[in-house]
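Working through the structure, step by step
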There are 4 protein chains.
Amino acid sequence: MLVTSDLREREETASARWSRFHPIVTGEDYLDSLRNRDIDLYLFGELVENPVDHPIIRPSMNALKATYDLATEDPELATAESPLIGRRVNRFLHLVESAQDIVMKNRMQRRLGQITGTCFQRCAGLDTISVLHSITYEIDQKHGTSYHDRYIEFMKLAQANNIIIGAGMTDPKGDRSKRPSEQDDPDLFMHVTRRTDTGLYVTGAKAHMTGGFNSHWICVMPTMNLSETDRDYAVVGLVPADAAGLTYIYGRQSCDMRAMESGDVDKGNAKFGGQEALVVFDNVFIPWEHVLMDGEYEFAQEMVARFTAYHRASYVCKTGLGDVLIGAAATVAEYNGVENASHIKDKLVEMTHLNETIYSSAIASSYEAKPLASGIYMNDAMLANVCKQNVTRFPYELSRLAQDIAGGLMVTLPSQQDFENEVTGPLLKKYLKGRSNVPVEHRARLLRLIENMTLGRNAVGYLTESMHGAGSPQAQRIHIHRIMNIEKKKGYAKGLAGVSAHASAEKK
Amino acid sequence: MLVTSDLREREETASARWSRFHPIVTGEDYLDSLRNRDIDLYLFGELVENPVDHPIIRPSMNALKATYDLATEDPELATAESPLIGRRVNRFLHLVESAQDIVMKNRMQRRLGQITGTCFQRCAGLDTISVLHSITYEIDQKHGTSYHDRYIEFMKLAQANNIIIGAGMTDPKGDRSKRPSEQDDPDLFMHVTRRTDTGLYVTGAKAHMTGGFNSHWICVMPTMNLSETDRDYAVVGLVPADAAGLTYIYGRQSCDMRAMESGDVDKGNAKFGGQEALVVFDNVFIPWEHVLMDGEYEFAQEMVARFTAYHRASYVCKTGLGDVLIGAAATVAEYNGVENASHIKDKLVEMTHLNETIYSSAIASSYEAKPLASGIYMNDAMLANVCKQNVTRFPYELSRLAQDIAGGLMVTLPSQQDFENEVTGPLLKKYLKGRSNVPVEHRARLLRLIENMTLGRNAVGYLTESMHGAGSPQAQRIHIHRIMNIEKKKGYAKGLAGVSAHASAEKK
Amino acid sequence: MLVTSDLREREETASARWSRFHPIVTGEDYLDSLRNRDIDLYLFGELVENPVDHPIIRPSMNALKATYDLATEDPELATAESPLIGRRVNRFLHLVESAQDIVMKNRMQRRLGQITGTCFQRCAGLDTISVLHSITYEIDQKHGTSYHDRYIEFMKLAQANNIIIGAGMTDPKGDRSKRPSEQDDPDLFMHVTRRTDTGLYVTGAKAHMTGGFNSHWICVMPTMNLSETDRDYAVVGLVPADAAGLTYIYGRQSCDMRAMESGDVDKGNAKFGGQEALVVFDNVFIPWEHVLMDGEYEFAQEMVARFTAYHRASYVCKTGLGDVLIGAAATVAEYNGVENASHIKDKLVEMTHLNETIYSSAIASSYEAKPLASGIYMNDAMLANVCKQNVTRFPYELSRLAQDIAGGLMVTLPSQQDFENEVTGPLLKKYLKGRSNVPVEHRARLLRLIENMTLGRNAVGYLTESMHGAGSPQAQRIHIHRIMNIEKKKGYAKGLAGVSAHASAEKK
Amino acid sequence: MLVTSDLREREETASARWSRFHPIVTGEDYLDSLRNRDIDLYLFGELVENPVDHPIIRPSMNALKATYDLATEDPELATAESPLIGRRVNRFLHLVESAQDIVMKNRMQRRLGQITGTCFQRCAGLDTISVLHSITYEIDQKHGTSYHDRYIEFMKLAQANNIIIGAGMTDPKGDRSKRPSEQDDPDLFMHVTRRTDTGLYVTGAKAHMTGGFNSHWICVMPTMNLSETDRDYAVVGLVPADAAGLTYIYGRQSCDMRAMESGDVDKGNAKFGGQEALVVFDNVFIPWEHVLMDGEYEFAQEMVARFTAYHRASYVCKTGLGDVLIGAAATVAEYNGVENASHIKDKLVEMTHLNETIYSSAIASSYEAKPLASGIYMNDAMLANVCKQNVTRFPYELSRLAQDIAGGLMVTLPSQQDFENEVTGPLLKKYLKGRSNVPVEHRARLLRLIENMTLGRNAVGYLTESMHGAGSPQAQRIHIHRIMNIEKKKGYAKGLAGVSAHASAEKK
């Protein structure tokens, strides 16, 4: 049980917190920045000593590393000129100033999907800083607070240090029929437990946190609309990932144990993976400089609505994964010697059609972006929801088609060790031979990649997370229902049918 | 049989042809422009005396008239500043100079779909003039011809006179396994039959011509790629709708005879309809000033490809019809008293989701437009094909859902005359009563509108034409296959799977 | 306004009613039986003098006539040995005594769909007499009534006279949020208005009555579950189609006016069509011998449930229509010269796959039939609902694919009169030529048949009626939900997951 | 390299082979029968010492064990009276003598799917013995051979000993564009390498062999149609699983390594799993008594066609898995407290609808079974193919819907060890609490079961194997195309359209 004096020790200043950071330039810098942090991370019931070199965790870091590497390799795509600090910054930290900026974000997201074949975990943070720009501004306008200035100061340092910000949004929610303040256990939604001169303390947990441990800072924020009685739940704050009181519990994934095996074939995608963690906050301190909402509950709903508008279009990244999966299916078809069969070609076309349909929903939403009062741009909410709704369907169909093209060997292929064994190796090379000029190992590698994306580790990101990330399908449907402007559509129909308000009155 | 002297009489000059036109400003002007033309139009085996006032034909003219009316009512949307003649022109005659111009076109198309609930027949002409800008330019670049200047001169007069241009593209094609020059009957593809000092003559037919008779000018052009032996088939030319040698045969539509009935209820959409005609060309003369291709067969394929890129995104108009149908379904649900049933709301959301998915494919394609050599912009071909492919599916599902919501009465409702009969009228008003404050007639009108759009006259445009217009589904799939860049996608997959070119060599 | 003495005149005896019938043997007998009846039938606001020879009505009679003709041509399929009268009877009047009997019914239904390409209107009556066997028996068991004997007597005469029984089930329902007895207008559900020594009177209307006018007798029955306050609505009775107080109002259909045209091409299916009518009952008398329920409201729900179990599997008839549509699409593909294109073959396979999926749901339901207490068999309710749910989806997809294969000409083809006109006829024959050995007229005829089934008159039966007949889609979903036995399924899952009731108690 | 003398040692007699078997009665007997066999089985590059107790392999044996246990627990369902040996035998060894027998097979298959939640691996063997009954009979009829008697003798012993027969059908196939005898490596299809007085030798491999190692005998047979040049490939024979020259290589599955972990929660379905193996045959001897085809290549195609007719309907087992998945989704919905949300109920209905649609295709096929010349029954091929085609689609959609209902926690849930750790355990129990009366562990167990079936070990059987087992989707489409009787369907269409053969002749 924590006593007050324990908590006092946690009252670290904002500048003390920033002092632990150094500007990150390269991907290697990023990996280094994750070493030697004083953080409790649990995996398989044990504290992880050296997460950066842990075979299960490292691929998820590699995926984030790719966001740094791309900035170096293709700065046009992955960086942008920031007026805040007067130089180019990683696009994941850039405040979007135009529709074109959001479109460029989408292109970068697709590209990183192509590069990593997995979730690269940095979008939720970007979408969080985007929404905070306008929300802090609007709270200040109404309440005379100074959240927006604090936000701008934070963002300058964030850009200068080129950090990763994790989005701590999803509360565990407990009994879904009850509001936050009505739960038996108040901690099932994150809330303020005390306030002092220098800051406030929060307790609770954030679930499914994408790239949880791989972040440098976590932004906690409400997960749903709040009412007056939920005032202590209306808190937004920025916390360094190594703040006292934080515990990370790693979520396990399909086929995660393959990462512990020697050999890279059976992993499918040996280099890249995703990460989701449960992050528990036990009286974690946040200095006032890093508090961006405290009690202004009436902004929670709009904050969530804007966040989802940004984030539901960010699922455009899955088209990059789709490109990989289409390519993998096409390659296996070639290795199997059936690439000219008309039904194979037709399935590849269908996969492409569905993938590009997702892409078009996303960029259409972005191109239709409009500025908010604070000057930042927000993409079109209807089309963002449409994009996400398609993402809850089409990757599943792409997976099904990829498995169709791949053939059953995808799930009956023996292990890499069997390929290397002196008895079974030659037998496998003899009997699993497809087209004569293709090494059996290549065929195995491509099949394992498809397994990885449709059943294995990266299926988590490509399928299930496509379903539930940024809100489950029903959440999009509710949103679409809310903004579909049905009265206007009824008016079109009545007009053409010859039913007018005037006519109605007359004819009754 | 025509003799040479007959043909000579047809050698009308370009200026003589233009002299029959007066600038059209209002929708009424447009209707007037269609009166008293010397044109043979056949319908139900008879020459139509006065097409403008024919009950079956007029609704199709009303739909085109709406394109003039909208220009007056909402000039921002339906007109654009034309550099060619230095003033605002109807957007259907505007040469697109930016991605934004194409997006504005899409918005206007959706709006006209909402206004008319049918095909307003003016898009194919617009997409034709768009493609001719770049193609004439590129032919001139290669061959030193002067097609582009001719084109520009024509467009100036077209804009000044605010005319309708019909797209004469689809040849009857005969035996689909044979090329144009191989057909038993050479006329199954339009071709040049003679050339004189003043111009050339063409013979053939253009099928499914949208708004055929309602146009002022027809642009004839090749329907597919051509080879050297098809040189006489490589002809593009502009012909006034009343040129000698033209015969129009009206295509009949589902429920067309309802237009001949008294009363407006059973028509569903009494005011607006579409039109497709077979237009036969028997040695029709085109003066050189109006010839924009003559023999440059190698440009036919690219011309078709660009036309379809423009035109497949133009099917965004169906989202306007979708808005009407969603509105009609929602209104009937309300009239039936079931608007709060969760499955009804869910079906309306699904309809909206599908409709907006189409919309996003279209505008995404447009926003991604790039300039061609001639300076005109062309939207993205992949996304345009994706848009059209979705249009071959989603309107059918929207129709199915609308019929689901409407209920069976949609197809068992007695006629308007039964509602007016003194015996049956009171019985129908008594027994077909739904919600108490809704007149039975209103319920009938909305049901008839849904019938009109899903089975009746405008189902032709909303469904079947959505399937086949701008190319049947397989045409889009072939196009997607051609441009899907599968090698690049294979590269992504191989990279992630650990199969490199280098590795391949080593391990074989 | 009817006075009591008027009503008294209506108190016709059961035997007087039967005296107007003569045994029907041939299809021609059937047509004759419909002549010279004293019935008020309204169509387009007028009383129809001679319905049998009315061009719009006759095709619907032809479809029913086919049920008689088939009994002659294929007695094995379309008749069955009846123990009631000791000889073979038309299978549409046979009481099903085994699962095999119901399967044979399904085969006959598919066959008649193939023969007519439309709704042959006799299934609802068959399913009605099937359900009455067990329900009358069970009411008698509980209440000591003698409905079942009355029913058996009626059936003997029905079989001997080989009559058509129409099912009068669907009440207009008015405000769907209110029960029958709560409606503003009590007549919105059929109910008993008076009872005398000799019988009772009913008032109300039956909507969407399939083959309404073409029946000899109508069986009225409740449309939904009833409660004690709805006692007067709990009435089942048999009424001759020409009983005093009946008024028939014909429902109009898509393209119905084509039946009034000369020529048979544009009709698509010139010979056969469906019919749905609104039948109004104004104090119609039913002698006690023909009353099969009067006040036993608690049986209404089960009666409807059993009726829908029978009737939802009867939608197997649509697979016969599907066979026609598949055949039509395949023929047009051949006429167009594209029958070997792989995508065409694949679409025909898909159509077949969907069609046979419907077929399998229907016959599986029938094969799983079990006897009820009265000795009659009833098919499996779950699979019947599954069958019908598939019927609300797959015919729409079959239609879409048929339109895809048919090509756009299906909706732009000029009229038969244009084919016959001396100017346009030769032009059409020249320009609409497909494969050289196929007459253009044949191509036109097949296209018109597809139009007929997907947009025109028989689309009503193939599509919309597939959606709503025997209950709209949501009705099946509610039924499936009720009988899906979810607790048993939860048990399987908990068992495999290692969660047992015992474990639950321990671990809480 | 094997020399002749080595091979001679392999010439074991049929009776010597049978002498190693003892009648199996209980499930435990079955497990015992797998112990101490002299078989080389490789897994992860190593010879497995004690397969029966290997944590990865045992669950697959448990699934087969369930087929014995069910025979004890529900003999009506899982045994049948065998005329061959005059007593009840396990239904998996019963020769089907009626349609009802095949329906009973389907019911048993669904039940075992419910019990195991996985592939219980015994169907392919059953379907093999079914097809051999008629094929051996027909070969004998034509060639005067005595295969059928040999078959009957084998079956008597098989029934008496209650053994498992594995189906060795799928050859590796190598270059799919070449016939067996054209392959570079002749072994890519199994073939006879030598014949002696006592028997013959085969070399090759059988891939994806379901329950490979868990069988007692393997029946090898051709995988496709053969021509005269493939005569040595036309071989059917029965081989004990421990015959000299056999090598088994275990196929790895998604999440297979979880079976090696302590704790049963994360396994999802700790008890049951599937198994597929590659079985290599290096000069394996078969005595003549066990040879059932040798060179009669012309029967290969029909043998495969009949096998697939039987086996494609056997995929009805997946409806048992579907029941488990529906139950799991419903349970999780309840644990999450959202079971009354209308969209949840609707999704469960949809899952049930799809699952029952599969069921109906299977049993419809079985009910329509007809006897073959040998007296055995075969189910309807069209509906069997339709069943399997649905199985390549609907389980994927069921999985998608189950993941939708389950929520994202399914893929972010920490490991069982984290639940047991003293620091993280209490945190997880606190924060992952759903409905208050449900232990967190129960929620975890159900989520893990859904993961198991949609991404994990049993997803292999439920999804990918549903896709490719008994032939990939395209194989069914080809089969449907072959037997869809399109000419008959064209005839229906032409008849209704008024196009007759006679008319065609006249009008040309």
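Here the structure is a predicted model, which is why all the values come from computation and not from measurement. (Residues numbered from 1 in each chain as written. Chains lettered and ligands numbered in written order. Predicted model: local features only at pLDDT ≥ 70, side-chain atom pairs only at ≥ 80, totals over all residues. Heavy atoms only, no water.)

**Comments concerning the UniProt feature "binding site: FAD" (unreviewed entry) in chain A**
Residue and element names in this part refer to chain A. Here is the rule: UniProt positions are given in the numbering used here, feature names are shortened, and annotations may be inferred rather than shown by experiment. Only DSSP runs of H or I with at least four residues qualify as helices, and only runs of E with at least two residues qualify as strands; both kinds are numbered from the N terminus onward. Burial classes follow relative accessibility: with a 1.4 Å probe on protein chains only, a residue under 20% of its type's maximum area counts as buried, one over 50% as exposed, and anything between as partly exposed. Whether two residues are in contact is decided by their heavy atoms: any pair within 4.5 Å suffices.
As recorded in UniProt, the sites labelled "binding site: FAD" (unreviewed entry) are T210. For T210, the position within the fold is in strand β7 (residues 199-210). For T210, a relative accessible area of 16% corresponds to the buried category. Not counting chain neighbours up to four residues away, the residues in contact with T210 comprise C119, Q121, Q275, E276 and E465.

**What about the domain arrangement of chain A?**
Residue and element names in this part refer to chain A. Counted only if it meets this: The domain limits used here are those given by an automatic or database domain assignment. Simply put, the buried area is the total loss of 1.4 Å probe accessible area from both parts when two parts are fitted together. Salt bridge, as used here, is a side-chain nitrogen of Lys or Arg placed within 4 Å of a carboxyl oxygen of Asp or Glu. Pairs of N or O atoms are called polar contacts if they sit within 3.5 Å, as long as, within protein, a hydrogen donor faces a hydrogen acceptor (for residues adjacent in sequence, only side-chain-to-side-chain pairs). Polar here means any residue other than Ala, Val, Leu, Ile, Met, Phe, Trp, Tyr, Cys and Pro, which are nonpolar, and Asp, Glu, Lys and Arg, which are charged; Gly is therefore polar.
Considered domain by domain, chain A is made up of domain 1 (4-299) and domain 2 (312-483). Domain 1 and domain 2 are separated by 27 Å when their C-alpha centres are compared. Contacts between the two partners involve 49 residues from domain 1 and, on the opposite side, 42 residues from domain 2. Between domain 1 and domain 2 lies a buried interface of about 3600 Å² when both sides are counted; carbon and sulfur atoms form 53% of it. Summed over the shared surface of domain 1 and domain 2, the result is five salt bridges. Inspection of the domain 1/domain 2 interface yields 23 residue pairs in polar contact (both at pLDDT 80 or more). Within the residue set of the side of domain 1 that touches domain 2, elements represented by two or more residues are α6 (99-116) and α7 (123-143). At 11 residues, α6 tops the list of elements feeding residues into the side of domain 1 that touches domain 2. Here the residues of the side of domain 1 that touches domain 2 are counted per class, giving 17 nonpolar, 20 polar and 12 charged.

**Examining the relation of the copies chain D and chain A**
Applicable threshold: The copies are overlaid by a least-squares fit using only the C-alpha atoms of residues whose pLDDT is at least 70 in both copies.
Mapping chain D onto chain A calls for a screw motion: a turn of 180° about the axis and a shift of 0.0 Å along it, with 0.1 Å RMSD after fitting. Here the copies are linked by what is in effect a two-fold axis. Here 100% of the contact residues of chain D are again contact residues in chain A; the copies associate through an equivalent surface.

**Notes on the state of the cysteines**
So the rule is basically this: In plain terms, two cysteine sulfur atoms within 2.5 Å form what is called a disulfide here.
Following the criterion strictly, the structure yields zero disulfides over all chains and no others. No disulfide involves C123(A); its sulfur sits 5.5 Å from the nearest other cysteine sulfur, which is in C317(A). We classify C123(A) as buried; its relative accessible area is 8%. Here C219(D) stays free of any disulfide, with the sulfur of C123(D) as its closest cysteine sulfur at 16 Å. Under the relative-accessibility criterion, C219(D) is labelled buried at 0%.

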